Amino acid sequence: MASSTSSPSFEAHAMTSTQDPIALLSTILRLTEERIIPLTRAGVSSGSKLFGAAILSRSSLKPLTVSTNNERESPLLHGEINCIQQYFALPPASFPEQEQEEEEEEGYRIPTKDTIFFATHEPCSLCLSGITWAGFNEFYYLFTYEDSRDLFAIPYDIEILEEVFRVKAPGDTEATLKSRPLYNRRNKFFVGRSLVELLEEAALSAEETDKWKKEIERVKGLYNGLSETYQEGKRGGVESASVWK
């Protein structure tokens, strides 16, 4: 049950990261390759899906928590939820603004409004709720729902949103119903964007834009082998707490 105390004032719909888009994009891609993928490689070998996440300081872009899916232990430990759980296990920081960087180095938890959330794959309904309830107001993702379905044979993010949350309004046809977005990516609580959208915000030259698009695709390609390992394990009956594999 939600708390009956008064809620904070949310202005996520007006939020934009104070960071340079390319600095943020570069940091996220490097973090994915160097830290999330190694964790995910171990995870998929033991039956967990290939979804990872990270929480970064908004001011310094330092990673505060990096995690991956752990559905072998619980069907609720998606990459994002596992990351949030680990983040809130950190001791809370209490510091004047000028000491924030030092506290971040020591593994303290800063307010979620001062962070940026990254999910390797567009968050499912469970993870969208977790991100919202934890107070993260800005998140980015590498792969879309359609990528999860078409590249990795994991269609449940789309299917659950369609079957559980998409309600037919009077006058709706199947076509108009399907044309509606699955969720509001810009709302009272958060702004969610793909890394491609982040790149578009940078307003680079065509040559520079093409260079970064290729880099995004290169990092996405690193997941091909992880997907094959996960699918092989699924076919081989590797144990997992997840019902929907």
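Basis of the calculations
Residues numbered from 1 in each chain as written. Predicted model: local features only at pLDDT ≥ 70, side-chain atom pairs only at ≥ 80, totals over all residues. Heavy atoms only, no water. Core = buried A, V, L, I, M, F, W, Y, C linked by side-chain atoms within 4.5 Å. Buried < 20%, exposed > 50% of the residue type's maximum accessible area, 1.4 Å probe, protein only. Helix = DSSP H or I, 4+ residues; strand = E, 2+ residues; numbered from the N terminus. Contact = heavy atoms within 4.5 Å. Pairing = 2+ DSSP bridges. Axes fitted to C-alpha atoms, helices over the stretch in contact; angles between N-to-C directions. Phe/Tyr/Trp six-rings, centres within 6.5 Å; stacked < 30°, edge-to-face > 60°.

As named in an unreviewed UniProt entry, the chain is Cytidine deaminase-like protein, taken from Neurospora intermedia.

Caption draft 1: Structural view of the nonpolar core. The biggest cluster of nonpolar side chains holds 32 residues, and the ones touching the most others in it are Leu25, Leu142, Leu195 and Tyr223. Of all the elements, helix H1 (residues 21-45) adds the most residues to this core, at 9 residues. Non-local contacts of Leu195, meaning those with residues more than four positions away in its chain, are made with Leu25, Ile28, Leu29, Phe118, Tyr140, Tyr141, Leu142 and Ile216.

Caption draft 2: Up close: the sheet that holds strand S5 (residues 191-194). Strand order in the open sheet formed by 5 strands is S2-S1-S3-S4-S5, and the pairing between neighbours is mixed. Edge positions in the sheet fall to strand S2 (63-68) and S5, since each has one partner strand and no second. Taken over all neighbouring pairs, the strand axes of this sheet differ in orientation by 15° on average, direction set aside. Relative to S2, H1 is tilted by about 45°, and along the sheet it contacts strand S1 (52-57), S2, strand S3 (115-121) and strand S4 (138-143).

Caption draft 3: Here's a closer look at the packing of aromatic side chains. Counted under the stated rule, the structure contains 8 aromatic pairs. Pairing Tyr145 with Tyr183 gives two aromatic rings, centres 6.0 Å apart and planes at 65°, and the pair type is edge-to-face. One end of the pair, Tyr145, is in helix H5 (residues 145-152); the other, Tyr183, is in the loop between helix H7 (174-179) and S5, and 38 residues separate them in sequence. Here a set of aromatic residues connected by ring pairs shows up, and it is made of Tyr87, Phe88, Phe117 and Phe136.

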